[in-house]
Amino acid sequence: VDLAPITDPALVIPTIAQALGVPDTGNLPIPVRLKHFLHARELLLLLDNFEQVVDAAPLVAELLAAAAGLKVLVTSRIGLRLLAEHEYAVPPLALPPKTARTLANPMADTSTAEFTQYAAVALFIARACAVKADFMVTNATAPAVAEICVRLDGLPLAIELAAARIKLFPPEALLARLSAPLALLTSGPRDLPARQQTIRAAIDWSYQLLNAAEQRLFRLLGVFIGGFTLEAAEAVSSQQSSATGETLDLLAALVDHSLIVALEPAADQPRYGMLELLHEYALDRLRGANEDKAIGRRHAAYLLDLVETLEPKIDGPQYAMILNQLEAELPNIRAALSWAGLAGEYDMELRLASAPMAFWLARGHHSEGCAALQAVLSRPGTGQPIVRARALNALGRMRVGESAYWPETVAGFEESLAIFRALGDLNGSAEVLDHLALVAGSRGDVEQALALEEMSLLDSRAAHNPVRTAWALQNLADMLFTHGDAARGSELLDESLTLFEGLGHALGRINGLTTRALQVHNQGDDQRARAFMEEVVERGHTTLGQTERLAVTLFLFGQAMLWEDDQAWALNMIQQSLAIFRALDILEPIPLVLHTLGEASLAQGDYVAARARFEESQVVCRKLGNSWDTAAALLGMGHVALAEGDASSANQFYREALMLFMSLPAWDDRLRHVGVAAGLVGLINTVHSTGSEQVVRLYGAAAAYRATIGQAALNELGGRSALPSNSAIDARMRGLARTVVGEDAYNAAWVAGQQMNIDDAIAEALALVPSDPMLGGGMT
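Structure report, in brief. Given the structure is predicted, the values throughout are model-derived calculations rather than measurements.

**A short note on the overall build of the protein chain**
Part 1 of the argument: Broken down by element type, the protein chain carries 40 helices and four strands.
Part 2 of the argument: Put simply, the protein chain has 780 residues, and 48% of those count as buried.

**Focus on the pairing of strand β1 (residues 43–47)**
Part 1 of the argument: Of the strand pairs in this sheet, β1 and strand β2 (residues 70–74) are connected by five bridges, and their pairing is parallel. Counted as the bridge partner of Leu44 is Lys71 from β2.
Part 2 of the argument: Where the polypeptide runs from β1 across helix α3 (residues 57–66) and back to β2, its parallel neighbour, the crossover connection is right-handed.

**Brief notes about the layout of surface pockets**
Part 1 of the argument: Taken as a whole, the second largest pocket encloses approximately 1900 Å³ of empty space.
Part 2 of the argument: As for the second largest pocket, its lining consists of 49 residues, and the residues nearest its centre are Thr75, Ser76, Arg77, Val90 and Ser258.
Part 3 of the argument: Sorting the residues of the lining of the second largest pocket by element identifies α3, β2, α7 (156–163), α10 (199–207), α13 (244–256) and α14 (276–288) as the ones contributing at least two each.
Part 4 of the argument: It is α10 that contributes the most residues to the lining of the second largest pocket, four residues altogether.
Part 5 of the argument: In the lining of the second largest pocket, the residues fall into 32 nonpolar, nine polar and eight charged.

**Structural notes on unusual backbone geometry**
Part 1 of the argument: The phi angle at Asn290 is positive, at roughly 55 degrees, despite the residue not being glycine.
Part 2 of the argument: Assignment of secondary structure puts Asn290 in the loop between α14 and α15 (292–310).
Part 3 of the argument: With phi around 55 degrees, His464 is a residue other than glycine that occupies positive phi space.
Part 4 of the argument: Mapping His464 onto the fold places it in the loop between α24 (446–462) and α25 (466–483).

**Let's talk about the side chain of His366**
Part 1 of the argument: By the element assignment, His366 lies in helix α20 (residues 366–377).
Part 2 of the argument: Of the polar contacts made by the side chain of His366, one reaches the backbone oxygen of Met398; its length is 2.7 Å.
Part 3 of the argument: Filtering out sequence-adjacent residues up to four positions away, His366 remains in contact with Trp360, Leu361, Met398, Arg399, Glu402 and Glu588.

**Quick notes on a nonpolar patch on the surface**
Part 1 of the argument: On the surface, Leu44, Leu46 and Leu73 cluster together into a nonpolar patch covering about 290 Å² of accessible area.
Part 2 of the argument: Tracing the backbone shows Leu44 in strand β1.
Part 3 of the argument: The class for Leu44 is exposed, based on a relative accessible area of 59%.

**Here we look at the packing of aromatic side chains**
Aromatic ring pairs are reported here in terms of the distance separating the ring centres and the angle at which the planes meet.
Part 1 of the argument: Across all of its chains, the model carries nine aromatic pairs by this definition.
Part 2 of the argument: Each ring, one from Phe228 and one from Tyr272, has its centre 6.2 Å from the other, and the planes form 35 degrees; the classification is tilted. Residue Phe228 is located in the loop between α11 (212–220) and α12 (230–237), and its partner Tyr272 is located in strand β4 (residues 269–273); the two are separated by 44 residues in the primary sequence.
Part 3 of the argument: Here Phe228 falls in the buried class, since its relative accessible area comes to 1%.
Part 4 of the argument: Ring centres 5.8 Å apart and planes at 20 degrees place the aromatic pair Tyr746 and Trp750 in the stacked group. Taken together, the residues span about one helical turn, with Tyr746 and Trp750 both in helix α39 (residues 743–754) at a distance of four residues.
Part 5 of the argument: Through pairs of rings, three or more aromatic residues link up here, namely Tyr207, Phe218 and Tyr281.
Part 6 of the argument: Over the ring of Phe37 we find Arg41; its NZ or CZ atom is 3.7 Å from the centre of that ring.

**Quick look at the pattern of salt bridges**
Part 1 of the argument: By the definition in use, this model includes 20 salt bridges.
Part 2 of the argument: Residue Arg81 is joined to Asp256 by a salt bridge in which the shortest nitrogen-to-oxygen separation is 2.2 Å. With Arg81 in the loop between β2 and α4 (112–115) and Asp256 in helix α13, this pair connects stretches of sequence that are 175 residues apart.
Part 3 of the argument: Given a relative accessible area of 26%, Asp256 falls into the partly exposed group.

**Some remarks on the packing of α25 against helix α27 (residues 506–522)**
Part 1 of the argument: Close contact between α25 and α27 brings their axes to 11 Å; oriented N to C, the two are set at 10 degrees. For the element pair α25 / α27, the angle class is roughly parallel. Here α25 contributes Trp471, Gln474, Asp478 and Phe481 to the contact with α27, which in turn contributes Leu507, Gly508, Asn511, Gly512, Thr515, Arg516 and Gln519.
Part 2 of the argument: The residue inventory of the contact of α25 with α27, partitioned by class, reads three nonpolar, six polar and two charged.

**Looking at the environment of Asn393**
Part 1 of the argument: Mapped onto the elements, Asn393 comes out in helix α21 (residues 385–399).
Part 2 of the argument: Judged by relative accessible area, Asn393 falls into the buried class, the value being 7%.
Part 3 of the argument: Between the C-alpha atom of Asn393 and that of His435, which follows or precedes it by 42 residues, the distance is 8.4 Å.
Part 4 of the argument: Not counting residues within four places of it along the chain, the set of residues in contact with Asn393 comprises Phe413, Ser416, Glu431, Val432 and His435.

**Some thoughts on the environment of Gly226**
Part 1 of the argument: Note on placement: Gly226 falls in the loop between α11 and α12.
Part 2 of the argument: Residue contacts for Gly226: discarding those within four places in its chain leaves Leu263, Arg271, Ala328 and Pro331.

**A look at helix α1 (residues 12–20)**
Counting along an α-helix, one turn takes 3.6 residues, and residues three or four places apart therefore face a common direction.
Part 1 of the argument: Among all positions of α1, only Val12, Ile13, Thr15, Ile16 and Ala17 are buried.
Part 2 of the argument: Residues of α1 that are buried make contact with α2 (30–39), β1 and α3.
Part 3 of the argument: Downstream of α1 by one or two residues, Gly21 has phi in the positive range, about 80 degrees.

**Concerning the environment of Ala301**
Part 1 of the argument: Mapped onto the fold, Ala301 is located in helix α15.
Part 2 of the argument: Using a relative accessible area of 36% as the deciding quantity, one classes Ala301 as partly exposed.
Part 3 of the argument: Spatially, the C-alpha atom of Ala301 lies 9.3 Å from that of Leu352, the residues being 51 residues apart in sequence.

Conventions and cut-offs
Once a new chain begins, its residue numbering starts again from 1 and follows that chain's sequence as written. Confidence filtering applies because this is a predicted model: local features only for residues at pLDDT of at least 70, side-chain atom pairs given and counted only at 80 or more, and all residues used for totals across whole chains, interfaces and linings. In computing side-chain values, all of the structure's heavy atoms are included and hydrogens and water are not. Going along the chain from the N terminus, every DSSP run of H or I of four or more residues is numbered as a helix, and every run of E of two or more is numbered as a strand. To sort residues, take the accessible area from a 1.4 Å probe on protein chains only and compare it with the maximum for the residue type: under 20% means buried, over 50% means exposed, and anything in between is partly exposed. A pair of strands is labelled paired if DSSP reports no fewer than 2 bridges between them. Seen with its strands pointing away from the viewer, a crossover is right-handed when the path leading from the first strand over the helix to the second is clockwise. Buriedness of a pocket was judged along seven lines, with at least five required to meet protein on both sides within 12 Å; pockets are open sets of points on a 1 Å grid over the protein atoms alone, cavities are sets where a 1.4 Å probe fits but cannot get out, and lining residues have an atom within 4 Å of a point. Grid points are joined across faces, edges and corners, and a volume is the space filled by probe spheres set on the points. Asp, Glu, Lys and Arg are counted as charged, while Ala, Val, Leu, Ile, Met, Phe, Trp, Tyr, Cys and Pro are counted as nonpolar; the rest, among them Gly, fall into the polar class. Polar contacts, as counted here, are pairs of nitrogen or oxygen atoms within 3.5 Å of one another; within protein the pair requires one atom able to donate a hydrogen and one able to accept it, and residues that are adjacent in sequence qualify only if both atoms are side-chain atoms. Contacts: residue pairs with any heavy atoms within 4.5 Å of one another. Exposure above 30% relative accessible area and no salt bridge define the residues that can form patches, which grow by joining like charges within 9 Å and nonpolar side chains of Val, Leu, Ile, Met, Phe, Trp and Tyr within 5 Å. Only the protein chains shown count as cover for residues, and the accessible areas themselves come from Shrake-Rupley with a 1.4 Å probe. Basic side-chain nitrogens of Lys or Arg form a salt bridge, by our definition, when they fall within 4 Å of a carboxyl oxygen of Asp or Glu. We call Phe, Tyr and Trp rings a pair once their centres come within 6.5 Å, taking the six-membered ring for Trp, and we label the pair stacked below 30 degrees between planes, edge-to-face above 60, and tilted otherwise. Sitting over a ring, as applied to charges here, requires NZ of Lys or CZ of Arg to be within 6 Å of the ring centre and within 35 degrees of the ring normal. Only the stretch in contact is used when a helix axis is fitted, and all axes are lines through C-alpha atoms; the angle between N-to-C directions ranges over 0 to 180 degrees. Comment on the angle field: the value is read as roughly parallel under 35 degrees, roughly antiparallel over 145, roughly perpendicular from 65 to 115, and oblique elsewhere.

See below:
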């Protein structure tokens, strides 16, 4: 029974009766005559397109009650909500996996034959062949066909309409035109109903079934990208809190109409979204109603309020949940940033870019966050000075560890500091001074770092801010332990711990105990150090849960204790930190942790474990786009291969690492110098002709180059990013060279090497041919 032509629920029973041949004559009403007809029969009744007459659902229930042998199969975009009803949601057609449809990696591990077995692709091919008999999918066109099906969400009608265009456009060109699919997906077969001849008409059919309030909410929800929560829907649909229940009912109706779909929850919050074609339609309706500007503002305001509310809580026990929530909202944050920029809302754009600072850093979006802030700050703006000061401070904080940006970072901090001081904002100036001290310390200017941190402490006290004061005390104490008066440092740390304890500030207390543990460890009292760290772990798990700060704390102390007597205990601390970073999906620190574990395995002679750590690190680094740590991982893999006696593989790893180190942006960047020196020595070690004076000369060149960096810088950079060392092999290879060529020749070649230009030394080393090193079958 085709119900598509009717819209009056009262006509459903007569239409069923007509299809069954039950005449509408006699004294009995047609519903009664139909029930009599069905009573003794066993029948499957298919009611097609029920959504526009859904109010007739109770009549269907009456038929079922009157005829025990009757079964009813209903197709509808809306559920009937009957007691006897069993709903089956018809999903879109099956799509190829992502790895099989990446345009940059055509077909991946999936053959063309396997690829065409996916229902969406099979339908596209069948309909394309119907209009173009010679159409074929090849390895070259398969990724485009797959992406077309994905862009159309696997919807059969959309795929059929797209395939019909294959007469005009090859797959790649068709894919390019899908940026506006509603305009492209037209001209369906004339023998289909009008609502199926264009994708817009098909969606119009569903939209017109909604009441006015449902239509309004549907088009307003088009402002969201990547999904939304009920709270977000309420924020854009009404500014009145009393409308909460109404929004929920309307949203439920849209879900019932299959115009909104339930997504995977994020941070334990239900999320909803639209298929891409429906999203474009909703946006089109929003613009057509001239509501896009007002709703865009509400959307951006909601996102700004959300990030500014969540960001201060990131250091607390809900750390993972908040990061997951912000990750889920990232497409909306980007859309809000774009809207604010186009609307000329300078302050809103700055706040949207700077508020999620901790999130940008934690979830591997560091470059995106910096670029967003830099783009706004570089434009002339007439916003509030306080907003600019906070944005400059946020950008500097994100770049504080990148030496290539230090001049810009310091300039930004100084501008921020000047604004805060002009406004009399002591809290702001105290925070910026703390960050400037961090940069000064990283540059090796200890005296300036101490002076800046002292000023930060003075401003914190003057602001009567106990939390900021406690942090400044702790930071200054940490500097004094390393570079100054340890006795005063201990006094300041005690004051900080007392303040944090009184405030009930778990994170500050844990951080201070870690500083204390490192202090007593450096004094040689490892027993007390371990006791402090065990308290840190216990407090951290009970008060903070699994947070980035706890993971960092565990790693730093484990790293400090790694080469002490109880190496197993230190490794356990580092592995705990790795488990937390993985659980929280925080990628950025993982390479450093993996490098440290890899180097420990290498030193223990466990080459299988070392290789696994370095290989995993390389995968994470490439995902992050981190050239330094990628090169460091390759260096570690070279060390493993060399220790196993595989000079050829080691040479390849060292060669790639060296080239990556050399491609780092600035020649005066110390990270580049350190990496190039390590890669060069590794490359030299792969050459069997250790006895030749040429190799000794190259060793001399590498040693001279390393000396120009300075030992202090090398020590300082050790904490910046892991760089696996192979000092045992380096020393042994040089010892072999000295033995083979003789003392006098060795010394002469070494002196000659120290006078070489480093570029010439690198070119010469790259030209050497690897051969099995004289390590006697491996390194122990």
